[in-house]
Amino acid sequence: MSLSVQSVTLELGDGDQKIRALDNVSATVLSGELAAVLGPSGAGKSSLLAVCGGLRPPTSGEITVAGQVISSLSPAALTKVRRDLIGFVFQQSNLVPALTALEQLLLLVHLKGRRPKAADRERGMALLDEVGMTQRADRRPDQLSGGERQRVGIARALMSEPKLLLVDEPTSMLDQERGHAIVELLAERCHQHQVATLMVTHDQTMLASASTVMHIRDGKLIQER
Amino acid sequence: MFIAFRDLKFAKGRFLLMALVVALVAFLTTLLSGLAAGLIKNNISGLVELDVTHLAFEYNNKPSYRNSMIDREMWEGWRNADGVLAAEPLGHTMFNARMIDNSSLDDVVLWGIEPGSFLEPVASQGEALGRVENGVIISKLLVDRGLKIGDTFILDRVLTELTVVGIVDEFNIGHVPIVYTPIRKWQEATYGPPGGPPPGEKLPDILFDYATLVALKLESGLAVTEIENTDIDFGTLTIDKAAAYEASSGYKEELATVNMIQSFLIIISAVVIGAFFTVWTIQRTREIGLVKALGGSNTYLLRDALGQAVILMLLATLFGTGGALWLGQRFIESGNPFVLDPQTVFSSSSFLVIAGLLGSAISVRLITRIDPIIALGTER
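Residues numbered from 1 in each chain as written. Chains lettered and ligands numbered in written order. Predicted model: local features only at pLDDT ≥ 70, side-chain atom pairs only at ≥ 80, totals over all residues. Heavy atoms only, no water.

Moving on: the state of the cysteines. Under the defined criterion, the tally for this structure stands at zero disulfides over all chains. Here Cys52 of chain A stays unpaired: no disulfide links it, and the sulfur of Cys190 of chain A, its closest cysteine neighbor, is 15 Å away. (Disulfide = S-S within 2.5 Å.)

Let's shift gears to unusual backbone geometry. Glycine aside, the phi torsion of most residues is negative, and most peptide linkages are trans. Its identity as a non-glycine residue notwithstanding, Asn24 of chain A has a phi of 55 degrees, on the positive side. Looking at the secondary structure, you find Asn24 of chain A in strand 2 (residues 19-29). The phi dihedral of Asp106 of chain B falls on the positive side, at around 65 degrees, and the residue is not glycine. Here Asp106 of chain B lies in strand 4 (residues 104-113). (Helix = DSSP H or I, 4+ residues; strand = E, 2+ residues; numbered from the N terminus.)

Our next topic: the domain arrangement of chain B. Residues and elements named next belong to chain B. One can read the domain layout of chain B as domain 1 (2-44 + 251-376) and domain 2 (60-234). Using only C-alpha atoms to locate each centre, domain 1 and domain 2 end up separated by 48 Å. Both sides of the domain 1 and domain 2 interface together cover about 520 Å² of buried area, and 31% of this is carbon and sulfur. Considering only the surface of domain 1 that becomes buried against domain 2, Lys41, Asn42 and Asn43 emerge as the three largest contributors, covering 79% of it. Where domain 1 packs against domain 2, one counts zero salt bridges. Across the domain 1-domain 2 interface, the total number found is five residue pairs in polar contact (both at pLDDT 80 or more). Looking at the side of domain 1 that touches domain 2 element by element, the count peaks at five residues for helix 2 (residues 12-49). Considered class by class, the residues forming the side of domain 1 that touches domain 2 number two nonpolar, two polar and two charged. (Domains from an automatic or database assignment. Buried area = accessible area lost by both parts, 1.4 Å probe. Salt bridge = Lys/Arg side-chain N within 4 Å of Asp/Glu carboxyl O. Polar contact = N/O pair within 3.5 Å; in protein donor to acceptor, adjacent residues only side chain to side chain. Nonpolar A, V, L, I, M, F, W, Y, C, P; charged D, E, K, R; others polar.)

As a further point, take a nonpolar patch on the surface. Residue and element names in this part refer to chain B. A cluster of nonpolar residues, Val21, Met260, Phe264, Ile268 and Val272, forms a patch on the protein surface that exposes about 420 Å² of accessible area. Ranked by the residues each element gives to the nonpolar patch, the list is headed by helix 8 (residues 251-283), at four residues. Mapped onto the fold, Phe264 is located in helix 8. (Patch = residues over 30% accessible without salt bridge, like charges linked within 9 Å, V, L, I, M, F, W, Y side chains within 5 Å. Areas by Shrake-Rupley, 256 points an atom, 1.4 Å probe, with all protein chains shown as cover.)

Take the interface of chain A and chain B next. Accessible area lost on assembly of the parts is the figure often given for the size of an interface. The interface is formed by 27 residues belonging to chain A together with 22 residues belonging to chain B. Together chain A and chain B conceal approximately 2400 Å² of surface at their shared face, both sides included; 67% is due to carbon and sulfur atoms. Sorting the residues of chain A by area buried against chain B places Leu55, Asn94 and Leu111 of chain A first, and these three jointly supply 21% of that buried surface. Linking chain A with chain B are two salt bridges, by the criterion used here. Among the salt bridges present, the one from Asp371 of chain B reaches Arg56 of chain A, with a minimum N-O distance of 4.0 Å. (Contact = heavy atoms within 4.5 Å.)

Written as structure tokens, this is what we have:
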């Protein structure tokens, strides 16, 4: 299994302002599986992504990514885990404005401390080809549509060959048709690359491609099928 | 530097604007450095060119070219003191001078020196002192005012006539051109009656026993106490050559003013650069959070941001300094006091780059405080 969440609680704020964003949450996602977490705004979807992605330490519980317990690691070690084991697909794609589509992918090679070689460029172009963006490889984000940016975001997430893909509301800025296409693309890629994928969304119509669906409300995972 | 280079290209408008500000500051700093060096040269070049290590003034609270007066016993005493390689009297008096046709030459400083001594400058044109009656060597500044070799001019008030026999570079003191004259002529002009002695009479010998100060060549490493003891013996106050510059009128004030302007420019530059990179970092908060979420370390991001600052500072400083050098050259050609030496240019540019990098380093520290969680949309 590539992601294991065991009895994770996340409390935010202090004193009277303290809220329980995640309440004793447990879940597993296997390699090649697309698990969708559905819930309304404020239910804890993004908090779940934050703890699974090492962006926020849980108050209690244990998170394991590709066999490595990440819930008690230092910030520096978590940076390395995110770089080596986890791929993110963000809401609104979140691309670096100054980089072209191909450079968004090559940035991950730089973050590992080495200059991209011809093989890295070839891999980047192959991934862009998988998401149908070969012709737009030299375009910057401001020259791409919302759907195109999201496709580049998916290709970037796969560039470092992650064990876990965390996907945050990938269709929130897209119309339904394009949204469906993106989720289908994600499902295909995670299956093809055998990556465990956890996708949070508030859109029920996007669940058809998911192999597992969980519901989250008030920080609790209340249903799993 | 992967993102830094592409940011420079992507946001070239903003970076060009900032580079322009840095270039203008570099331009002003270098120009001021050149002018400061020029002013210093113009003020104390005569002193700089003196082949001495120390000057001994008449004992007073502070050394003064105008108020000092020493006698023969003093300079001869110094000549025979331990650790003294050479000692010569030097006379210093300011006069207003005019040409024979009464056109003004403005102020000149008459320096009385022993012809052939180590105090006599080597004339770049003409000949040495002592061969022509009333012959003097003049600073090039007086050539710019219309004098040439063979011309005779008059010292106002004392009506002493002097003839130009040699010309040296722009040797001045207190921005006033120096006229080098044999010390006896200086003593006549300074202490004698206007127009010289009455016909058939000669000036009393006692007039020739006085000068302004003793110019000294001391052995290197001579103990300060040794110098102080000789000072006590002869009633003098000895200062080294560098300290003697400050005794030149206006030197300290000019230097302080120019240094203050330069310091302010460098501080302003550091603050402006710091402010720019602070705003730039704040604008990039989301992007930096994203790169951190993707696995970018603080070290990687700081190196990238500082690299960007280094490129900006170096290129802009190079451009601004180049402009100042070009204008400085025009200044020199038009006879203005401006000195372009590599040390002046390098030190002013280096200070600017260092100050700018300090400013940017303080601001890009913000990077370390950015939480990668903002990549998830809002700060939760």
